[in-house]
Amino acid sequence: MLFLHLGEGVTVTFVDQFNKQESITGTLVEVNPYFNIEISSWEKWAGKKYKSITGIPFLGSPDAIMSIVTETGRIIYDNENVHPFYNPFFFPNTDKNGTLCVGINYDAGKAHTKKVRKLSFGDKKLLMDL
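Residue numbers here run from 1 along each chain, matching the order of that chain's written sequence. With the structure being a predicted model, the display of local features is reserved for residues of pLDDT at least 70 and the display and counting of side-chain atom pairs for 80 or more, all residues being used for whole-chain, interface and lining totals. As a rule here, side-chain values cover all heavy atoms of the structure and leave hydrogens and water aside.

**Notes on helix α1 (residues 106-121)**
Counted only if it meets this: Numbering of helices and strands starts at the N terminus; helices are DSSP runs of H or I of at least 4 residues and strands are runs of E of at least 2. The span expected for a helix works out to 1.5 Å for each residue beyond the first. For every residue, the accessible area obtained with a 1.4 Å probe (protein chains only) is divided by the maximum for its type, and the residue is called buried under 20%, exposed over 50%, and partly exposed between those limits. This arc describes the spread of directions from the helix axis toward the C-beta atoms. Contacts are residue-level and defined by heavy atoms, with any inter-residue pair within 4.5 Å sufficient.
A rise of 1.5 Å per residue sets the reference length of α1, with its 16 residues, at 22 Å; its end C-alpha atoms lie 22 Å apart and thus fit the reference within 8%. The set of residues buried in α1 consists of Gly-109, His-112, Thr-113, Val-116, Arg-117 and Phe-121. End-on, the buried residues of α1 take up no more than an arc of 145 degrees, which puts them together on one face. The outward face of α1, more than 90 degrees from its buried face, is lined by the exposed residues Asp-107, Lys-114, Lys-115, Lys-118 and Leu-119. As for α1, its buried residues are in contact with β6 (75-78). The positive-phi residue at the C-terminal boundary of α1 is Gly-122, with phi of around 80 degrees.

Listed below in structure tokens is the structure:
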């Protein structure tokens, strides 16, 4: 149960909106089952440090959590169905004007994410509709 780890330091490894693997280390401040978590961390910007809250979805299109590990190294969440480019219908690219575009087929991407959710969480009613 992730709720038992609220207030603990964790490292979250996730796939970001550009389908790249990223990690963030901070304090687990909120858990919304089947939807997302929120991490409080210190960010540096313009030479100053500030506290930031980052929300990461358990399974979005294409961003999703791969794993959550406590400071002591205990794995408290691991989704083997999520890996960089887990959703082949979403990837960053640019159009002819150099504008960033994400995805090649939005509807197919949503359907693929729905299938991965079912593999990850079973037939439970999920809080985040696609």
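Here the narrative resumes.
**Examining the side chain of Ser-67**
Along the chain, Ser-67 turns up in strand β5 (residues 64-70). According to the relative accessible area criterion, Ser-67 is buried, its value standing at 15%. The residues touching Ser-67, leaving out its near neighbours within four places in the chain, are Thr-11, Val-12, Thr-13, Tyr-77 and Asp-78.

**Points about unusual backbone geometry**
In this structure, Tyr-34 takes a positive phi of about 65 degrees despite not being glycine. Residue placement: Tyr-34 occurs in the loop between β2 (21-32) and β3 (36-45). In this structure, Phe-85 is a non-glycine residue whose phi angle is positive, near 60 degrees. Mapped onto the fold, Phe-85 is located in the loop between β6 and β7 (92-94). For Phe-85, a relative accessible area of 48% gives the class partly exposed.

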